[in-house]
Amino acid sequence: SKAAGKLTTGLTGLAVNSTPHISLTALYDRTLKLLARMPADAKYRQSTEAIVKERLAAVNSEPDISRLEKRINCGQIEEVVQQAERELQLARNFLAWKPWEPLIGQAPPNQWKWPL
Amino acid sequence: MINLKHILKLRSLPGATSCTSAFLKETLTAPACSRINASMISGFPTPVRRELCTEKKMPTVRYSDPAIREPLKAFGKYAGECLPKYIQSADVTIFDELEILIHPEGVLPVLSFLKDHHAGQFVNLSDICCVDVPSRQFRFEVVYNLLSLRYNCRARVKTYTDELTPLESCCSVFQAANWYEREVWDMFGVYFTNHPDLRRILTDYGFQGHPFRKDFPLVGYNEYRYDDEQKRVVIEPVELAQDFRKFEYSTPWEVFPNYRDADKNMRKEGAGDEK
């Protein structure tokens, strides 16, 4: 099956993924499950769900890898997998940090004033 | 409500890595007022940005470019809506640079968001530096400079701290932060918790003090010289051959209207014991 796909990504340290559809659907499904645990009015949840659902739809409807890369338009499919992994990690961390809560503290009055 | 597609499309403007065709590269990266039409280079008819070429622009003035400014503003606003807990403000400076001002508790969340989120992808930490403004209550302003290779975009994250309050180290997010944070510690004295190896990096081994602080003298406290009798380098208190000269640089004309109140405001705020 390697003969059918590409030989290399051209990027050091990034190996070719021969089954990107499987990796991507798994990552996106897990991300969506994590996002569902966030409050529905959180901006991060709304926008990330929009992005992830759009990409998942593209992955599910496009079996050809190079056409899928062009449709997602965000680099090679291996890079798209990297982005999905990062987003999943971020969603995990956000569940702990809860950044949608209101501001924890303002800066003192002249902290950001420049020139003095 | 910000249309995400709008952000993602806007952010794949000039220089985006996703534009692979040479044709697009010619149009998008050509300088605004170039006399050389892109079609002379590539040979095909290219859409020239006529409105910019016919405007009278002064060559010595750096004009603000809305094509860079608008996407940055939109992204700053979007980041502020995603992390309202930590982001105090997100503005674009007069030089078209995005600056995100955050609460010190939010270093890890904000940097992780900028690095890991699909719309950010600021994977490269270009620099961590520090600014010492002694008159402020939190005198040190730590600045993180980030670069997104995917969207050809830079962002700056600024926090504040004082001599005794530590900041969270971002080595778990960016490996490059290791030496940068060591430098900030060595030069300013800002401590970073959870840093794998926080020790001096630029000063000499037994050196005391933090040289880049504003209250550290320009010539330092000690000088090194080779002593011929002892046949080694000796450390002695610094002795200048000439008195240190401090020039006034004052003119009868006002040169910087924005700095009119600077001298008054440089008195220490917050502590109140120096009045």
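An unreviewed UniProt entry annotates chain B as NADH dehydrogenase [ubiquinone] iron-sulfur protein 3, mitochondrial of Macrostomum lignano. In its Subcellular location (unreviewed entry) section, the UniProt record describing chain B reads: "Mitochondrion". Under Catalytic activity (unreviewed entry), UniProt gives the following word-for-word description of chain B: "a ubiquinone + NADH + 5 H(+)(in) = a ubiquinol + NAD(+) + 4 H(+)(out)".

If you look chain A up in an unreviewed UniProt entry, it shows as NADH dehydrogenase [ubiquinone] 1 alpha subcomplex subunit 5 from Macrostomum lignano. Turning to chain A, the UniProt annotation filed under Sequence similarities (unreviewed entry) states: "Belongs to the complex I NDUFA5 subunit family." The record in UniProt for chain A states the following under Function (unreviewed entry): "Accessory subunit of the mitochondrial membrane respiratory chain NADH dehydrogenase (Complex I), that is believed not to be involved in catalysis. Complex I functions in the transfer of electrons from NADH to the respiratory chain. The immediate electron acceptor for the enzyme is believed to be ubiquinone."

## Examining helix α3 (residues 65–72) of chain A
All names here are of chain A. Taken together, the buried positions of α3 are Leu68, Glu69 and Ile72. One side of α3 holds all its buried residues, which, seen down the axis, span an arc of 105°. Residues of α3 that are exposed and point over 90 degrees away from its buried face: Arg67 and Lys70. Where α3 is buried, its residues touch α1 (20–35), α2 (43–61) and α4 (77–97). Remark: Asn73 follows α3 within two positions and exhibits a positive phi of approximately 55°.

## Let's talk about the environment of Phe212 of chain B
Residue and element names in this part refer to chain B. Looking at the secondary structure, you find Phe212 in the loop between β7 (192–193) and β8 (222–227). Through-space distance from the C-alpha of Phe212 to that of Arg199 is 16 Å; in sequence the pair is 13 residues apart. Residues contacting Phe212, with those up to four places away along its chain left out, are Asp132, Met187 and Phe188.

## What about the pattern of salt bridges?
Taken as a whole and judged by the stated rule, the model has 23 salt bridges over all chains. Via salt bridges that share partners, Glu97, Glu99, Arg136, Glu141, Arg156 and Lys158 of chain B belong to a single interconnected network.

## A short note on the confidence of the model for chain B
Reading predicted coordinates in detail is not appropriate for stretches of low pLDDT. All names here are of chain B. Summing up the model confidence of chain B, the mean pLDDT is 83 and the portion of residues at 70 or higher is 77%. Overall, residues 12–42 carries pLDDT values under 50, and its contacts beyond four positions in sequence, including any with other chains, amount to 40 contacts. Under a pLDDT of 50 for its full length, residues 270–275 has, in the predicted model, two contacts with residues more than four places off or in other chains. Predicted complex, confidence summary: ipTM 0.95, pTM 0.81.

About the cut-offs
- Residues numbered from 1 in each chain as written.
- Chains lettered and ligands numbered in written order.
- Predicted model: local features only at pLDDT ≥ 70, side-chain atom pairs only at ≥ 80, totals over all residues.
- Heavy atoms only, no water.
- UniProt positions renumbered as here; feature names shortened; annotations may be inferred.
- Buried < 20%, exposed > 50% of the residue type's maximum accessible area, 1.4 Å probe, protein only.
- Helix = DSSP H or I, 4+ residues; strand = E, 2+ residues; numbered from the N terminus.
- Arc of directions from axis to C-beta.
- Contact = heavy atoms within 4.5 Å.
- Salt bridge = Lys/Arg side-chain N within 4 Å of Asp/Glu carboxyl O.
- pLDDT = per-residue confidence, 0-100.

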